[in-house]
Amino acid sequence: MIFSSIKWAQQDCSKFSQTSAKCSFCHLGLSASPALTPSSCPSSSGPSFSSCPSSSGPSPSSCPSSSGRPLQLAPPPQPRPLCLAPPPSPPPLPLAPPPQPLPLPLAPPPQPLPLRLAPPPQPLPLAPPPQLAQICSESGPVQSTWSPDWKVGPLTMAKRVQARRLDGIDHNPWVEFVKMASEFDAVNLGQGFPDFPPPDFAVEAFQHVLSSDFMLNQYTKAFGYPPLTKTLASFFGTLLGQEIDPLKNVLVTVGAYGALFTAFQALVEEGDEVIIIEPFFDCYEPMTLMAGGRPVFVTLKPGPTQDGELDSSSNWQLDPTDLASKFTSRTKALILNTPNNPVGKVFSKEELELVASLCRQHDVICITDEVYQWLVYDGYQHVSIASLPGMWERTLTIGSAGKTFSATGWKVGWVLGPDSLMKHLRTVHQNSVYHCPTQGQAAVARSFEHEQLHFGQPGSYFVQFPRAMQRARDRMMHSLQSVGLKPVVPQGSYFFIADISDFKSKMPDLPGEVDEPYDRRFVKWLIKNKGLVAIPVSTFYSVPHRKLFDHYIRFCFVKDESTLQAMDEKLQKWKSELRP
């Protein structure tokens, strides 16, 4: 009997909460009661609710029921024993074992359980599309079809999965060549990162912020850690000849990559044209396309050289007429990279004035990528286009702490510019990454503060570092010349390109895919057979121009002494193989 009473109470009193003292049926408060009886609980078909209150006090006619009629206040047949009275005797039946032994419920069903994994007769949710489904892996696209084995086959959808903004930009050459470098244990001279530590003062700055203010583990201001934005405003304000407001004219981003992406998303829209100077850093084109813009390319053209002399990046020039022809009423922005990656060209003030005059004439924004501004060699000088008359108001200047302090993994970058442009970048930033790691920003702030104390002096890192990298550049170029490669001497940056025309004429039939540019085939041959990694320069060109510049490969010389020594050993072996 007690079990049936409990069951009745659970069914008819389930909406009563003793903790809230409310009747969930009529949503009115109940006075505390020492015990709850069936006669005091509402239900659609159960006993009447004799104590249900209303907003004006208890009223026999004011309690609702499921039919909307007032509940009657008839007294219960018996006073409260059903819920409170103990049973006359302990219930034996629920404790008795069932007629059949307990293991029977665990016995397998008549048909084996694996049948539940079989696909239904009509697997509409997982039906394959009419064409093969394409999935991507680290090694590239993989073709696959729907499999009846749900546990193994890839999930496919009849709907389009990939956003159209990704069409044509899903292939990444870096993945391919880095993977090959690992497979063949080659010396990596392709990727642009230092394989040596940052300067001591930068490392100490990071160590300090890790162990100092514990609040540096928390959020800072979304648009930049205040000490860093103030330092950037002060430091670059002097260089650019501008009064820079750290709150309005500075945005800290997740590396220079984040700065570029934020700028494209904020300013470029469907149908806008973006002028890109090629060869170009390879993310400029896909970022333009993802924003809905149309890339328009203008090419740096190498000038003539005298016999026996190495080419120089200073010989690679813009044709003024060609450049002017790229500007139209649809041109929204021009992206400039100086010092340039991959050629290493440092644009002169005269070249920048040509670009600036066209931007002003056509009311075009200039996005200038200046991450290598401190790495300039042979007495050349870096000039920021934002410092030219009338250009601050239409220029976004992008920088990188990773390139500045040899700490690329910190991923701290920044954008400087007028508030009329920066306010739109802040909108994108706020609604995407929102915030950059506080401790990295704090370390960069302390590093700039250190450099400000020594700026322009012989002990300055911005003086010492380019000198050391110029020596590494010269050593690598000399070593590569010994096997027949012809470097183009860079004025700045981490990189130089080398002419492989002689190899193209001597061994033109290297294996590769149909219509694959020669430099790509050569780099694969170089990795597999010589143990050296480079990057094909055709990667940095638009598709129509790749075959015109597929006789160059790019090397990164910002490397440790041990890496340069390993390179020398590979080249010495190669040189010995060339002897008759």
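For the structure, see preceding data.
From a predicted model like this one, the values you see are computed outputs, not experimental measurements. (Residues numbered from 1 in each chain as written. Predicted model: local features only at pLDDT ≥ 70, side-chain atom pairs only at ≥ 80, totals over all residues. Heavy atoms only, no water.)

(A) Layout of the packing of aromatic side chains. Counted by the stated rule, this structure contains 38 aromatic pairs. Centroid distance tryptophan 374 to phenylalanine 462: 4.1 Å. Interplanar angle 10°. Geometry classified as stacked. Of this pair, tryptophan 374 sits in the loop between β14 (365-369) and β15 (395-400) while phenylalanine 462 sits in helix α13 (residues 461-481), and the two are 88 residues apart along the sequence. A relative accessible area of 15% means that tryptophan 374 is categorised as buried. The exposure class of phenylalanine 462 is buried, given its relative accessible area of 8%. Cluster of aromatic residues (ring-pair linked, three or more members): Phe196, Phe201, Phe235, Phe236, Trp374, Phe405, Trp414, Phe448, Phe455, Tyr461, Phe462 and Phe465. The lysine or arginine in question, arginine 426, covers the ring of phenylalanine 223, its NZ or CZ lying 6.0 Å from the ring centre. One Lys or Arg, arginine 554, reaches over the ring of phenylalanine 495 and ends 3.7 Å from the middle of that ring. (Phe/Tyr/Trp six-rings, centres within 6.5 Å; stacked < 30°, edge-to-face > 60°. Helix = DSSP H or I, 4+ residues; strand = E, 2+ residues; numbered from the N terminus. Buried < 20%, exposed > 50% of the residue type's maximum accessible area, 1.4 Å probe, protein only. Lys NZ or Arg CZ within 6 Å of the ring centre and 35° of its normal.)

(B) Looking closely at the side chain of glutamate 516. Position of glutamate 516 relative to the elements: it lies in the loop between α14 (501-506) and α15 (518-530). A distance of 3.2 Å separates the side chain of glutamate 516 from the side chain of arginine 520, its partner in a polar contact. For glutamate 516, the residues in contact, after removing those within four places along its chain, are Arg521, Lys524 and Lys547. (Polar contact = N/O pair within 3.5 Å; in protein donor to acceptor, adjacent residues only side chain to side chain. Contact = heavy atoms within 4.5 Å.)

(C) Spatial organisation of the packing of helix α3 (residues 173-183) against α15. Contact pair α3 / α15: the axes reach a minimum separation of 9 Å and the direction vectors enclose 20°. Of the possible angle classes, the one that applies to α3 and α15 is roughly parallel. Handedness of the α3/α15 crossing: right-handed. Taken together, the residues of α15 that come into contact with α3 (itself represented by Pro173, Glu176, Phe177, Met180 and Ala181) are Arg520, Val523, Lys524, Ile527 and Lys528. Its residues assigned to classes, the contact of α3 with α15 shows six nonpolar, no polar and four charged. (Axes fitted to C-alpha atoms, helices over the stretch in contact; angles between N-to-C directions. Parallel < 35°, antiparallel > 145°, perpendicular 65-115°, else oblique. Left-handed = near helix turned anticlockwise from the far one by under 90°. Nonpolar A, V, L, I, M, F, W, Y, C, P; charged D, E, K, R; others polar.)

(D) Main features of the sheet that holds β15. Across the sheet, which stays open at both edges, the seven strands sit in the order β7-β16-β15-β14-β13-β8-β9 with mixed pairing between neighbours. The open sheet has two free edges, formed respectively by β7 (250-254) and β9 (294-299), since each of these has just one partner strand. Across the sheet, the mean angle separating the axes of adjacent strands is 25° when strand polarity is ignored. Summarising the sheet, β15 and strand β16 (residues 412-416) pair through four bridges and their orientation is antiparallel. Among the inter-strand pairings, isoleucine 398 is bridged to a residue of β16, identified as valine 415. Against the sheet, helix α5 (residues 226-240) contacts β7 and β16, and its axis sits at roughly 115° relative to β7. Sitting on the sheet, helix α6 (residues 255-267) is in contact with β7, β8 (273-278), β13 (331-337), β14, β15 and β16, with an inclination near 115° to β7. (Pairing = 2+ DSSP bridges.)

(E) Summary view of helix α9 (residues 349-361). Counted at 1.5 Å a residue, the expected span for α9 with its 13 residues is 18 Å, and the 18 Å between its end C-alpha atoms agrees. Buried residues in α9 make contact with β12 (316-317), α8 (320-325), β13 and β14. Directly beyond the C-terminal end of α9, a positive phi value near 55° is found at aspartate 363. (Expected span 1.5 Å × (residues − 1).)

(F) Looking closely at helix α16 (residues 561-578). Helix length check: α16, at 18 residues, gives a terminal C-alpha distance of 26 Å against a target of 26 Å (1.5 Å per residue), a fit within 8%. Thr563, Leu564, Met567, Asp568, Leu571 and Trp574 are the residues of α16 that are buried. End-on, the buried residues of α16 take up no more than an arc of 140°, which puts them together on one face. For α16, the exposed residues set more than 90 degrees away from the buried face come down to Glu569 and Lys573. (Arc of directions from axis to C-beta.)

(G) Representation of the sheet that holds strand β11 (residues 311-312) in the model. If you trace the five strands from one edge of the open sheet to the other, you get β11-β17-β18-β21-β20, paired in mixed fashion. Pairing within the sheet leaves two strands with one partner each, and these edge strands are β11 and β20 (535-536). Looking at chain direction, strand β17 (residues 486-489) and strand β18 (residues 495-499) are connected through three bridges and run antiparallel. Within β18, the position partnered with valine 488 by the bridge is isoleucine 497.

(H) Highlighting unusual backbone geometry. The amide bond that connects glutamate 278 to the next residue, proline 279, takes the cis arrangement and shows omega of 5°. Its place among the elements puts proline 279 in the loop between β8 and α7 (284-290). For the peptide bond that leads from asparagine 341 to proline 342, omega is 25°, which places it in the cis range. On the secondary structure map, proline 342 appears in the loop between β13 and α9. In this structure, aspartate 378 is a non-glycine residue whose phi angle is positive, near 55°. The residue aspartate 378 is located in the loop between β14 and β15 in this model. Residue classification places aspartate 378 among the partly exposed positions, given a relative accessible area of 41%.

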